[in-house]
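So the chains spell out like this:
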Amino acid sequence: MKAGEFRTSIGLEIHVELSTATKLFCSCPNRFGAPPNTLVCPVCLGEPGSLPVLNARALEYALRIGLALGAEVAPRALFHRKNYFYPDMPKNFQISQYDLPLCRGGSLTLETPEGEKVVGIERIHLEEDTGKTLHPGETGRIYEATYALLDYNRAGVPLVEVVTRPEISSPEEARLFVAELREVLLALGVSDARMEEGSLRVDSNISVGIEGRMGTKVEVKNLNSLRSLRRALEYEERRQKEILSAGGEVVQETRHFDERSGTTVSLRAKEEAFDYRYFPEPDLVPVEPDPGWIKDLRASLPELPRERRARLASLYGLSRQEAALLVSTPGLAVIFEDAVREGANARSAYNWLSGEFLGLCNARGVEPGESGLTGRALAQLLRFVERGAINLRQAKEVLAEMLETGRDPQEIVEERGLSQLTDLAFLKDLARKVVENHPEEARRYRAGQVKVLSFLVGQAMRLSEGRANPALLKQALEEVLKGQGAV
Amino acid sequence: MNRGSLHRMRAWELSRLLARGEVSSREVVEAFLARIEEAEPEVRAFITLTPDLALSQAARVDEARARGENLHPLAGIPVAVKDVICTDGVRTTCASRILENFVPPYDATVVRRLREVGTPLLGKTNMDEFAMGSSTENSAFHPTMNPWDLERVPGGSSGGSAAAVAAGEAPLALGSDTGGSIRQPAALCGIVGLKPTYGLVSRYGLVAFASSLDQIGPMAGCVMDVALLLSVIAGHDPMDSTSAPLPAPDYLSSLEEGVEGVRFGLVREFMGEGIQRGVRRAVEAAAEGLARAGAQVEEVSLPALEYALPAYYIIAPAEASSNLARYDGVRWGLRAEGSRDVVEMQMRTRAKGFGPEVKRRILLGTFALSAGYYEAWYGQAQRVRTLVAEEFRRAYERVELLLSPTSPTTAFRLGERSEDPLAMYLSDVCTIPSNLAGAPAVSVPCGLAEEDGLPVGLQILGPPFSEPLILRAARAIEDLFPGARPAPLGGGVRPVPLSGGEGV
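Computed from a predicted structure; not experimentally measured.

1. Notes on the overall build of chain A
Now for step 1: In terms of helices and strands, chain A carries 15 helices and 15 strands.
Now for step 2: Projected onto its principal axes, the C-alpha coordinates of chain A cover approximately 105 × 60 × 55 Å.
Now for step 3: In chain A, the share of contacts with a sequence separation of at least 24, taken over all contacts with a separation of at least 6, comes to 69%.

2. Examining the overall build of chain B
Now for step 1: Summing up its helical and strand segments, chain B has 15 helices and 11 strands in all.
Now for step 2: The C-alpha atoms of chain B give a radius of gyration of 21 Å, which matches the 23 Å a tight globule of 504 residues would have.
Now for step 3: Projected onto the principal axes, the alpha-carbon positions of chain B cover approximately 70 × 60 × 45 Å.
Now for step 4: Burial statistics for chain B: of 504 residues in total, 62% are counted as buried.
Now for step 5: The contacts of chain B with a sequence gap of at least 6 include a subset with a gap of at least 24, amounting to 76%.

3. Section: the confidence of the model for chain B
Detailed reading of the predicted coordinates is not advisable wherever pLDDT falls low.
Residues and elements named next belong to chain B.
Now for step 1: On average, residues of chain B score 93 in pLDDT, and 95% of them reach the 70 mark or higher.
Now for step 2: Overall, residues 484-504 carries pLDDT values under 50, and its contacts beyond four positions in sequence, including any with other chains, amount to 48 contacts.
Now for step 3: Predicted as a complex, the structure gets a pTM of 0.88 and an ipTM equal to 0.94.

4. Overview of the sheet that holds strand β1 (residues 46-49) of chain B
Residue and element names in this part refer to chain B.
Now for step 1: Strand order in this open sheet of 11 strands is β1-β3-β2-β4-β6-β5-β10-β11-β9-β7-β8, and the pairing throughout is mixed. Every other strand in the sheet has two partners, leaving β1 and β8 (296-300) as the edge strands with one partner each. Taking each pair of neighbouring strands and ignoring which way they run, the sheet shows an average axis angle of 25 degrees.
Now for step 2: Two strands pair when backbone bridges link them, and strand β2 (residues 79-82) and strand β3 (residues 121-125) are joined in this way by four bridges, in the parallel orientation. Across the sheet, residue Lys-82 finds its bridge partner in β3, namely Thr-125.
Now for step 3: Strands in contact with helix α15 (residues 467-480) are β5 (192-195), β9 (401-405), β10 (441-448) and β11 (455-461); relative to β10, the strand with the most contacts, it is inclined by about 5 degrees.

5. Thoughts on the sheet that holds strand β3 (residues 80-83) of chain A
Paired through their backbone hydrogen bonds, the strands of a sheet run either parallel or antiparallel.
Now for step 1: Reading across the sheet, the three strands line up as β4-β3-β15 (chain A) and stay open at both edges, with antiparallel pairing between neighbours. This sheet does not close on itself; its edge strands, each paired only once, are β4 (93-96) and β15 (279-280) of chain A.

6. Looking at the interface of chain B and chain A
When the parts of a complex come together, some accessible area is lost, and that lost area is often taken as the interface size.
Now for step 1: At the interface, 34 residues of chain B touch 26 residues of chain A.
Now for step 2: Looking at the side of chain B that touches chain A, the elements with two or more residues in it are α9 (308-323) and α10 (342-353) of chain B.
Now for step 3: Here the side of chain B that touches chain A gets three residues from one element, more than from any other, and that element is α9 of chain B.
Now for step 4: Grouping the constituent residues of the side of chain B that touches chain A by class yields 19 nonpolar, nine polar and six charged.

7. Notes on the packing of helix α2 (residues 171-188) of chain A against helix α3 (residues 226-245) of chain A
Residues and elements named next belong to chain A.
Now for step 1: For the pair α2 and α3, interaxial distance at closest approach is 8 Å and the crossing angle is 155 degrees. Relative to α3, the element α2 is oriented roughly antiparallel. Crossing of α2 against α3: the hand is right-handed. Of α3, the residues touching α2 (which contributes Pro-171, Glu-172, Ala-174, Arg-175, Val-178 and Ala-179) are Leu-226, Leu-229, Arg-230, Leu-233, Glu-234 and Glu-237.
Now for step 2: Of the residues assigned to the contact of α2 with α3, the class counts are seven nonpolar, no polar and five charged.

8. Some words on helix α12 (residues 374-398) of chain B
Now for step 1: With 25 residues, α12 of chain B should cover 36 Å at 1.5 Å per step; its first-to-last C-alpha distance of 36 Å lies within 8% of that length.
Now for step 2: By the burial criterion, the buried members of α12 of chain B are Trp-377, Tyr-378, Ala-381, Val-384, Arg-385, Val-388, Glu-391, Phe-392, Ala-395 and Tyr-396 of chain B.

9. Observations concerning the environment of Glu-344 of chain B
Now for step 1: When you line up the elements, Glu-344 of chain B lands in helix α10.
Now for step 2: Spatially, the C-alpha atom of Glu-344 of chain B lies 32 Å from that of Lys-82 of chain B, the residues being 262 residues apart in sequence.

Thresholds, definitions, all that
Going along each chain's sequence as written, the residues are numbered from 1 onward. Chains and ligands are labelled by the order in which they are written, letters from A for the one and numbers from 1 for the other. Selection of residues for local features in this predicted model requires a pLDDT of at least 70, selection of side-chain atom pairs for listing and counting requires 80 or more, and totals for whole chains, interfaces and linings are taken over all residues. For helices the rule is a DSSP run of H or I covering at least 4 residues; for strands it is a run of E covering at least 2, with both sets numbered from the N terminus onward. Residues are treated as contacting if the C-beta atoms built from their backbones sit within 7 Å of each other. Only C-alpha atoms enter the radius of gyration, while the globule expectation follows 2.2 Å times N to the 0.38, with N the number of residues. Think of it as a crowd count around each C-beta: if 20 or more other C-beta atoms lie within 10 Å the residue is buried, if 12 or fewer it is exposed, and in between it is partly exposed, with C-beta placed from the backbone throughout. As a per-residue measure, pLDDT tells how confident the predictor is, with possible values from 0 to 100. Any two strands with at least two DSSP bridges between them are considered paired. For helices, the axis comes from a line fit to the C-alpha atoms of the stretch in contact; other axes are also lines fit to C-alpha atoms, and the angle between any two N-to-C directions lies between 0 and 180 degrees. Gly is put with the polar residues, along with every residue not named as nonpolar or charged; the nonpolar set is Ala, Val, Leu, Ile, Met, Phe, Trp, Tyr, Cys and Pro, and the charged set is Asp, Glu, Lys and Arg. Working rule for angles: under 35 degrees goes down as roughly parallel, over 145 as roughly antiparallel, 65 to 115 as roughly perpendicular, anything else as oblique. The hand of a helix crossing depends on one turn: near helix anticlockwise from the far one by less than a right angle means left-handed, and clockwise means right-handed. A helix is expected to span 1.5 Å multiplied by its residue count minus one.

As structure tokens, this is what we get:
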């Protein structure tokens, strides 16, 4: 059987935690990493009698995501209750959306090695997150714990769920989709979108069809990084192909990806599927976004990653990869463009940002966008270098200090006395001193051994404690050597 | 003056005495506490009493008055609150084992407003468990007796609040009404009870039974007191998304304007079969009285109301099955110990913590929402709901207000219907339509039934936000039936001499 007879269809369900200041239905802070159960109130704890009130900012963020993906905003959306018992869900129902989601349709275009690929979006809706269950004990495994601890800090945090159509045709494309969506979210500024912290969570459905027949949908969970996503889907794709090749049938089920073994294991069969008994949430009113507001939101959308990559590449003569690096690193493109606007050369601005700057950020564990570096400061630094006022090594030191202290390069250069020696008269004095001290080398130079000049430049540089401008120093030495010869 | 008779007075009368400095709030509260001590062993209207809290709140009001502060007319006049409304630091049980020891960490919006006005809290009143029932017999703790006849039920689910007012244990009370739970006990106990328009009074802090139907409302011995209490609790609350974003109107200024020229419609469907003869006669007499007072009264037919009861018994249990899911032993309330895992703990807690009627409704509601049944049950019930609202709307094109009995019968005997859920459900046949339509309705006493001498309630229904007109009509009924104004001592409660009072 040839591999070409198989057809893989993948659909993704992506949960995005919104970075609003407060939770979806109450005014508790929406923050990661606080001590357990310190960000709670009667509403997000589902205390008897408490009622939800929709956070307008969360609605705005969800709409921005919808608009950025070209989705259609529903004139009237409803919240529904999704009923099931789980201890980390305070009300034993989740306020979510069902048959009238906030947005429908839309798409995301991926840049694959084979060209552009458009993946359709099924729906985008808003819902509340659950708390977290912790199973104490050495193994952390549910069945070995004798009790469980519940942390409701996350309960009620706003989530946007993006559901794709099953139009993704490979594990790599799935990875690309999530990576691209992540960049859109970051560009919109609506989420931290960190898979490792759970602010971006991906569930996937994968089916492998054979000989034109539809495959059986298998849900794969526990995909905690882009790498896990691709590995899990690759494993699952292979597993299904092997079953089909052996004439077997794939079972419709939910499978769990095991990071360590790189395999998926069965979690539950379809027969065990829950009946969520959805019904309209009576404690909330229908959401009917004002068309004028939608228009304003659409008009205020930022440039999206794909457009920005294309623009940066063509405007500044960068390669696709270079543009992609600027766009995918939060804040980097802004620094870059600001620097160029302040007069920096695009090429050197890119080189400094992609090399020295990212290296320093990495070493210091700082997000590039939060490093404090401005395009204006970078342009100033590059001007020093261009003018020859400081050398490359010094420029790197200055950049490090800029990140360290947040001060501007002018101040640092002046305070450290880093400014290169460019006074020609002074450099000539320096050159005379060197020529006097090395008469033999001076003679050889004049005799035509011009290579010896670099030795003399080195000696003069040492005398200047490295501060002399190398080009001017060379010029001064040449003049002194030639002039003396003429005397 | 005779301080021993303070508990027989209306809130508005007490308000005058307080304003003139003839009595202190402390004396008023003490009078009601004494009356509670006297009547409570027989009436059993309360689940929790809060005398210390009431006295300290009264003391604060007295101090404020002494300082010459501008006080609300109800400042210093005590209230009883149905035990389904959250009170910060005061146990709120919903008359259920599952919340027997639940102490809310916050006040319901209505309770906060009462505290701000300065109405001392006497205690939390008995009710059917989670407000499910029409007799208060479904309380997990004890039944409440009707002060008119201790062998009879006070109605429900706000039976404790109604009995407390009827017995003179409290001048004012809050109830909640999902299908008639304020109006039916008000009728059976011979007091006034109003279910406001859905969204007029904040539900924040009202433990939910059926969120789209629940509404908190005032209960008192007379229409004026109901209007006074309503003006404290009504008005927009940003904590309740379903709260109407409107300013609460003035309910008092038009109260005495009478009914001349007002067009009433007597609902034919609620005057026939299944309505006790004495109830029908009393309601007819009330309608005739209104006509004599200058109103126009005609008969109207609203055939869709026939379907209101079955639709209600789909929608209310469906919402309840979801609202009551949170009582699982994980966070608060009862927890069944000794379970092997969390699922067993949740199941055992719920098996142990909920009474039979609550379980029945959770099962009904869970079924109605199940995959494959949703459209046939819940979907259909919602369509009936729309139909009922539409039929009311059309009726209000012809008449301004509608009239009907509040309850098909007067107070029934304890145990009489507790084995027959359907008979019990029929107690609310006249009151349920207003909840489905989200419209207001009041029950006001209109005399005693000829065959048993028990109070009959006239229900006056109106379109959404017609409370001022409804209350004005109810006030006119009071004048037509002066004899029907409730006797706080009731039929069966022996008047016991008060101790410690300054009886003259």
